[in-house]
Amino acid sequence: MTSLPGQNTSITDVAVVGGGIIGLAVAHALAHRGRQVTVIEGARIGERAAAGVAAGMLAPSSEVDLSDPRLTELALAAHAMYGQWTAALEAETGIDTGYDATGTLLVALHRDHLALIDHLHDFQRERGLAAERLTGKQARDEEPYLAPGIAGALRMPDAQVNPRSLLAALPVALVRAGATILEDTRITAIAPSDGGGYEVSTERDGVVSAIHATQVVVAAGAWSRQIASPIIGMPVVPLPMRPVKGEILRLRGERLIRHVVRTPDVYLVPRADGELVVGATMVELGFDARPTAGGVHDLLREARRAVPGIAELELAEVGVGFRPALRDHLPAIGHVDGDGLFVATGHFRNGVELAPITARLLAALMCGDQLDAGDAALLAPFAPDRFAPTTTQVSR
Ligand SMILES: Cc1cc2nc3c(=O)[nH]c(=O)nc-3n(C[C@H](O)[C@H](O)[C@H](O)COP(=O)(O)OP(=O)(O)OC[C@H]3O[C@@H](n4cnc5c(N)ncnc54)[C@H](O)[C@@H]3O)c2cc1C
């Protein structure tokens, strides 16, 4: 970023609005392509970002029945590049990202669950996804701390990463690559500039400034609608965005499991350092950041039914985050005005998983690459203009 002498304006090539996992990953991909990038984050990095609490499951197989097939395709593309992406990030920064491909066990605690996992297994086979059906005994041989009455399980090659480590590593890599990160700096408006590009208005501690950028990416998560609304002078696509609150727990102590363990009601994600993440609730209450007794109780009850030994662990943290959810629960990645304004938002329950593929595809688009047929097909369902108002013909 370059400051203009005597003015409260600076110049950058690309302004990225929002320093969550998506904004940081996109900025990182662009910086690696030689672009001069400025990330503008309204809080401290990680303070408000959903990835600051997220579990970090990379779970295209476990969630195939919950996902639109086009989202599963995108998740599988992310899955295929994840190990390499984190290894490169680790080499750049020396920070361990916690990428772990041990796998996931989806366990059935009773016969109803068993019917559900058999249904999921059929679905996985239909979609060509690898999964192995285990008996209760086989599951307990894998994970001896599972509850004795486990009725059966599915083993899937899903992976996990530590999102907090990614939020630590990406800024280090960005600064190394020459990018600028402005924290505690809120975007108040984005407007097209007379001579081309955009004027991004910012506010920090009551001081108002402007950044001139050739291209802008709105990656403000659940707040993206608030950013999109004051975009001045352009026919912007309205983003039907809402926050979906998630409560999530961090337990600490002896490591009880090696796999990510899920039931249809809860998940438990073990980290190498003894942290066990238990999540997560889905609550439609706007931006209400208060954790509830009921949420904590439900998570602990369900987690204890799967792995009774968790009762002995320390309850180290109760976290709350906001998943950015668009009306169709799919992300919006791409052009907004046919010029230099882009969005990358609405990643809902999968933003950690989809960060590297979102970054790769959006950076290619922003750098004017001709996407090959595979990438173009991967990205097409997530075009933001699917929310553009249409004129409805009413016949009487
Ligand atoms: C409990 C929970 C568990 C989850 N588990 C998983 C999981 O296991 N796997 C997975 O893949 N995903 C998971 N997710 C989802 C994932 O965390 C999100 O999809 C992802 O983090 C969204 O990232 P984002 O960068 O789009 O948005 P955010 O993380 O919301 O980041 C947006 C950033 O923009 C900033 N901002 C907002 N307004 C402004 C402004 N006006 N000016 C400047 N900056 C602004 C905010 O401060 C924020 O830091 C989970 C989410 C939750 C809540």
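Residues numbered from 1 in each chain as written. Predicted model: local features only at pLDDT ≥ 70, side-chain atom pairs only at ≥ 80, totals over all residues. Heavy atoms only, no water.

Glu41, Ala50, Met57, Phe348 and Glu353 are the nearest of the 38 residues found near the ligand. Here an oxygen atom of the ligand sits 2.8 Å away from a polar atom, N or O, in the main chain of Phe348. Taking Glu353, its main chain carries an N or O atom lying 2.8 Å from an oxygen atom of the ligand. Relative to its unbound accessible area of 1,000 Å², the ligand is 98% covered by the protein chains. Elements supplying a minimum of two residues to the shell around the ligand: helix 1 (21-32), strand 10 (186-192), strand 13 (241-252), strand 17 (314-326) and helix 8 (351-366). By residue class, the composition of the shell around the ligand is 20 nonpolar, 12 polar and 6 charged. (Near = heavy atom within 4 Å. Polar contact = N/O pair within 3.5 Å; in protein donor to acceptor, adjacent residues only side chain to side chain. Areas by Shrake-Rupley, 256 points an atom, 1.4 Å probe, with all protein chains shown as cover. Helix = DSSP H or I, 4+ residues; strand = E, 2+ residues; numbered from the N terminus. Nonpolar A, V, L, I, M, F, W, Y, C, P; charged D, E, K, R; others polar.)

Moving on, we come to helix 3 (residues 111-126). For helix 3, spanning 16 residues, the distance from its first C-alpha to its last is 23 Å, which sits close to the expected 22 Å at 1.5 Å a residue. When helix 3 is considered as a whole, its buried residues turn out to be His113, Leu114, Ile117, Leu120, His121 and Gln124. Considered in projection along helix 3, the buried side chains sweep an arc of 125° and stay on one side of the axis. Among the exposed residues of helix 3, those oriented more than 90 degrees off its buried face are Arg111, Asp112 and Glu126. In this structure, the buried residues of helix 3 make contact with strand 5 (104-108), strand 6 (132-135), strand 7 (152-156) and strand 14 (260-263). (Expected span 1.5 Å × (residues − 1). Buried < 20%, exposed > 50% of the residue type's maximum accessible area, 1.4 Å probe, protein only. Arc of directions from axis to C-beta. Contact = heavy atoms within 4.5 Å.)

Reading across from one edge, 6-7-5-14-15-16-13-17 is the order of the 8 strands in this open sheet, with mixed pairing throughout. Edge positions in the sheet fall to strand 6 and strand 17, since each has one partner strand and no second. When the angles between neighbouring strand axes are averaged without regard to direction, this sheet yields 25°. Here strand 13 runs beside strand 17; their pairing, made up of 12 bridges, is antiparallel. Within strand 17, the residue paired with Ile248 across the bridge is Gly319. Sheet contacts for helix 7 (residues 293-306): strand 13, strand 14, strand 15 (266-270), strand 16 (275-279) and strand 17; angle to strand 13, the most-contacted strand, approximately 55°. (Pairing = 2+ DSSP bridges. Axes fitted to C-alpha atoms, helices over the stretch in contact; angles between N-to-C directions.)

Below, the discussion takes up the pairing of strand 16. Within strand 16, 5 of the 5 residues are buried, leaving the element largely enclosed by the surrounding structure. Neither face of strand 16 is left uncovered, since the one carrying Glu275, Val277 and Gly279 and the one carrying Leu276 and Val278 both have all their residues buried. With 5 bridges connecting them, strand 13 and strand 16 associate as antiparallel partners. For Leu249, the partnering residue across the bridge sits in strand 16 and is Val278. Where strand 15 meets strand 16, 4 bridges bridge the pair, whose relative direction is antiparallel. Along strand 16, the bridge assignment pairs Val269 with Val277. The hairpin turn running from strand 15 into strand 16, its antiparallel successor, is 4 residues long, and Gly274 in that turn takes a positive phi close to 95°.

This next bit is on the layout of surface pockets. Its boundaries defined by the atoms lining it, the second largest pocket holds a volume of some 210 Å³. Lining the second largest pocket we find 14 residues, and of these His28, Ala29, His32, Trp85 and Arg360 sit closest to its centre. Listing elements by their share of the lining of the second largest pocket, those giving two or more residues are helix 1, helix 2 (69-93) and helix 8. Tallying contributions element by element places helix 2 first for the lining of the second largest pocket, with 5 residues. Of the residues in the lining of the second largest pocket, the class split is 9 nonpolar, 2 polar and 3 charged. (1 Å grid on protein atoms, 1.4 Å probe; cavity = no way out; pocket = protein on both sides within 12 Å on 5 of 7 lines; lining within 4 Å. Points joined across faces, edges and corners; volume = space filled by probe spheres on them.)

With that settled, consider the packing of aromatic side chains. Taken as a whole, this structure holds 5 aromatic pairs when the rule is applied. With a centroid separation of 5.4 Å and 80° between ring planes, the pair formed by Tyr82 and Trp85 is classed as edge-to-face. With Tyr82 and Trp85 both in helix 2 and 3 residues apart, the pair spans about one turn of that helix. For the pair shown, Tyr82 and Trp85 are each scored as buried. (Phe/Tyr/Trp six-rings, centres within 6.5 Å; stacked < 30°, edge-to-face > 60°.)

Below, the discussion takes up the domain arrangement of the protein. Structurally, the protein comprises domain 1 (2-52 + 165-240 + 329-387), domain 2 (105-156) and domain 3 (241-326). Each of domain 1 and domain 3 has a C-alpha centre, and these two points are 29 Å apart. Contact residues are listed per partner, giving 20 residues for domain 1 and 11 residues for domain 3. Of all residues in domain 1, the largest losses of buried area upon contact with domain 3 belong to Ala222, His329 and Phe348, amounting jointly to 39% of the total for that side. (Domains from an automatic or database assignment. Buried area = accessible area lost by both parts, 1.4 Å probe.)

Here the focus is the pattern of salt bridges. Inspection of every chain in the model, using the stated rule, returns 26 salt bridges. Of the charged contacts, one joins Arg360 and Asp375 as a salt bridge, the two residues approaching to 2.9 Å between their closest N and O atoms. With a gap of 15 residues between them, Arg360 in helix 8 and Asp375 in helix 9 (residues 373-379) connect regions that are remote in the sequence. One network of salt bridges, in which partners are shared, links Arg250, Arg252, Arg271, Asp273 and Glu275. (Salt bridge = Lys/Arg side-chain N within 4 Å of Asp/Glu carboxyl O.)

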